[in-house]
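Descriptive analysis of the structure
The lines below spell out each chain.
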Amino acid sequence: MMADAFITVDNIGRTFTGENTVTALQEISFSLNKGEFLCIVGQSGCGKSTLLRIMSGVDPIHEGKVTINGKVVDKPDPSRGMVFQESRLLSWMTVSQNVGFALKEKEKEKRNQLIDEYVSLVGLADFRHSYPRELSGGMAQRVSIARALVNQPEVLFMDEPFGALDYMTKINMQNELLRIRGKNQMTIIFVTHDIDEAVYLSDTILILSKNPGKVKKVIQNTLPSPRNRNSEEFLEIKKQVYDCFFIQEGKEA
Ligand SMILES: Nc1ncnc2c1ncn2[C@@H]1O[C@H](COP(=O)(O)OP(=O)(O)OP(=O)(O)O)[C@@H](O)[C@H]1O
Ligand SMILES: [Mg+2]
């Protein structure tokens with residue numbers, strides 16, 4: 001099964017030594033199919049961002065191996081997009097300029113076409129000439145999503161992208177992301193603390209334990225879409241994730 005997978009994570013480990021030695025990741029192995037939506041959940045400091053950075057090629061690999069589409073990941077690549085918790089926009093650039101900032105395409109007309117397409121896709125066509133200070137938090141986060149999508153990545157890595165947003169905006173952004181994904185068929189690796197968010201978005205939920213950061217549980221989430229957050233089936237999966245943190249915690253060796 002691993003051989004056919006689109007992404008394989010094979011025995012990844014990462015220990016930070018210093019005043020405190022932290023085993024951020026230990027023996028992490030899993031695989032993903034093309035187009036799969038994986039949510040990684042775990043408590044603060046368990047190694048979620050470290051795993052995301054290793055998988056995307058931003059951080060070097062110390063132990064183990066990651067492959068995407070059969071190729072070993074050893075550096076960042078434009079085929080992989082990244083969205084962070086804060087929108088990280090350049091304050092002196094407009095929405096369009098921010099989206100175009102890291103665009104690979106160099107030919108002017110095609111560039112402008114792509115920028116317009118992705119600014120519109122995230123619903124900001126009317127704000128293309130606005131500066132980040134003129135945007136709400138949700139709008140700024142849309143710009144950073146457009147910036148990650150404009151290179152048409154095969155894989156989108158998102159590190160708590162909606163963590164700083166208020167509840168209503170967060171829910172709107174979750175729906176927006178599902179809508180965009182319906183058009184682009186990307187594989188998405190999405191880190192979150194929010195159990196409700198993980199159950200709403202994912203095909204698969206990977207739960208990490210803390211120090212050592214190991215795979216504690218993998219939950220296949222086959223709830224049909226659109227999902228109803230108040231349905232019994234939805235609450236049942238939420239409970240499985242919740243119990244993994246708060247019921248089994250005391251039993252861990
Ligand atoms: N560059 C580094 N040097 C030393 N320790 C690090 C480094 N990066 C991460 N760590 C440690 O590794 C552990 C995992 O960190 P990481 O940022 O991956 O956690 P996280 O799950 O993303 O947490 P949060 O939910 O708070 O973002 C933490 O204990 C952190 O202190
Ligand atoms: Mg983190």
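Structure first, text after, so check above.
One structure accompanies this document, and this report is about it. In this text, all values refer to a predicted model and were calculated from it rather than measured experimentally.

**With respect to the site of ligand 1**
Around ligand 1, a shell composed of 13 residues is seen, among which S44, G45, K48, S49 and T50 lie nearest. One nitrogen or oxygen atom from the side chain of S44 is found 2.6 Å from an oxygen atom belonging to ligand 1. T50 is positioned such that a nitrogen or oxygen atom in its side chain is 2.5 Å from an oxygen atom of ligand 1. If you list the elements that add at least two residues to the shell around ligand 1, you get β2 (22-32) and α1 (48-56). Take the shell around ligand 1: its biggest share by element is three residues, from α1. Of the residues assigned to the shell around ligand 1, the class counts are four nonpolar, seven polar and two charged.

**Some points on the packing of aromatic side chains**
Counted according to the given criterion, the structure contains four aromatic pairs. Ring centres of F245 and F246 lie 6.1 Å apart, and the angle between their planes is 55°; this geometry places the pair in the tilted category. Take F246: its relative accessible area is 56%, and that puts it in the exposed class. Here the aromatic cluster, defined as three or more aromatic residues joined through ring pairs, consists of F37, F162 and F190. Across the ring face of F84, the terminal group of R88 is positioned such that the distance to the ring centre comes to 3.8 Å. Its guanidinium or amino end placed over the ring of Y200, R229 lies 3.7 Å from that ring's centre, counting from NZ or CZ.

Calculation criteria
- Residues numbered from 1 in each chain as written.
- Chains lettered and ligands numbered in written order.
- Predicted model: local features only at pLDDT ≥ 70, side-chain atom pairs only at ≥ 80, totals over all residues.
- Heavy atoms only, no water.
- Near = heavy atom within 4 Å.
- Polar contact = N/O pair within 3.5 Å; in protein donor to acceptor, adjacent residues only side chain to side chain.
- Helix = DSSP H or I, 4+ residues; strand = E, 2+ residues; numbered from the N terminus.
- Nonpolar A, V, L, I, M, F, W, Y, C, P; charged D, E, K, R; others polar.
- Phe/Tyr/Trp six-rings, centres within 6.5 Å; stacked < 30°, edge-to-face > 60°.
- Buried < 20%, exposed > 50% of the residue type's maximum accessible area, 1.4 Å probe, protein only.
- Lys NZ or Arg CZ within 6 Å of the ring centre and 35° of its normal.

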